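Geometric and topological summary
In case you want the letters, here they are:
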Amino acid sequence: MEFVSSFYVFLGSVMLISLSGVLMPGPLFAITLQKSAKSKIAGALIALGHGIVEFPLMILIYVLLSQFAIPNWVQMTVGIVGGALMLFMGVRAFKNRNRQEDHSITSLKRDSLFSGVWTTAVNAGFILWWLTIGTALILNAQLFGVVGFGIFAGVHWSIDFLWYSLVGLLVFKSQKFWTPRVRYGITLFCVGVFLLFGTYFIGSALMSVFTLIG
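What counts, and at which threshold
Residues numbered from 1 in each chain as written. Predicted model: local features only at pLDDT ≥ 70, side-chain atom pairs only at ≥ 80, totals over all residues. Heavy atoms only, no water. Helix = DSSP H or I, 4+ residues; strand = E, 2+ residues; numbered from the N terminus. Expected span 1.5 Å × (residues − 1). Bend = angle between axes of the 7 residues up to and from the residue. Buried < 20%, exposed > 50% of the residue type's maximum accessible area, 1.4 Å probe, protein only. Contact = heavy atoms within 4.5 Å. Phe/Tyr/Trp six-rings, centres within 6.5 Å; stacked < 30°, edge-to-face > 60°.

Quick notes on helix α3 (residues 42–63)
Here α3 spans 32 Å end to end across 22 residues, near enough to the 32 Å set by a 1.5 Å rise per residue. The sharpest bend along α3 reaches about 30 degrees and sits at glycine 51.

Below, the structure written as structure tokens:
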């Protein structure tokens, strides 16, 4: 009985921490706003793309990294490389702000799925979250075995999927308000998010370097 109650407490903490992460606006949220203006399932596809990156990372941490402390240099490298890629995405999005996209259903689906994969993969904040908070959660999940880890992984990703699917659907249903000017503004918002997060990740990593040197 104590084991069961402990598992429910753990599951509750997973849900709360996952919700706190997904509700915080970031690059994945920004790209969901942009893509969902043209497709009601864009949010779901972006979440699927997110899962393509997230599940292997969770498994990798479960099998290997959860047994070791994450070196500072790994976290700093992730911050610098991920931040640089975020800046690149921001610059590229700004250059393509007036480009006409292919509006075929197949292209939109493929683009949304790829956007979920790419935006997740280059998000230094996402990687750092899993190397710190996520690793701590997985360490707790290990107490309940492989089944406990599987439930943890499924619950965590399900929260992501439900949230981005809901956001995508709400954005699509309100598309009559999405004039060219509004879409242009959303694109600039996405550019700003990428540049802001990229600068923040690089700056944080460099501050850590200076702290270690000092």
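Topic: the environment of glycine 116
Looking at the element boundaries, glycine 116 is found in helix α5 (residues 105–121). Given a relative accessible area of 0%, glycine 116 falls into the buried group. Separated by 88 residues in the primary sequence, glycine 116 and leucine 28 place their C-alpha atoms 7.0 Å from one another. Setting aside residues up to four positions removed in sequence, glycine 116 forms contacts with Leu28, Ile46, Gly49 and His50.

Some details on the packing of aromatic side chains
Throughout the structure, instances matching the rule amount to eight aromatic pairs. Plain terms: the ring middles of phenylalanine 29 and tryptophan 163 are 6.5 Å apart, the flat faces sit at 15 degrees to each other, and that makes the pair stacked. On the criterion of sequence distance, the pair formed by phenylalanine 29 in helix α2 (residues 27–36) and tryptophan 163 in helix α7 (residues 145–173) is long-range, its members being 134 residues apart. For tryptophan 163, a relative accessible area of 25% translates into the label partly exposed. Ring geometry for tyrosine 62 and phenylalanine 149: centres 4.2 Å apart, planes at 20 degrees, overall stacked. Of this pair, tyrosine 62 sits in helix α3 while phenylalanine 149 sits in helix α7, and the two are 87 residues apart along the sequence. Across the pair, phenylalanine 149 and tyrosine 62 agree in class, each one buried. Among the aromatic side chains, those forming a connected cluster through ring pairs are Phe10, Tyr62, Trp130, Phe144, Phe149 and Phe152.

Function cannot be inferred from these measures alone, as they are strictly geometric.
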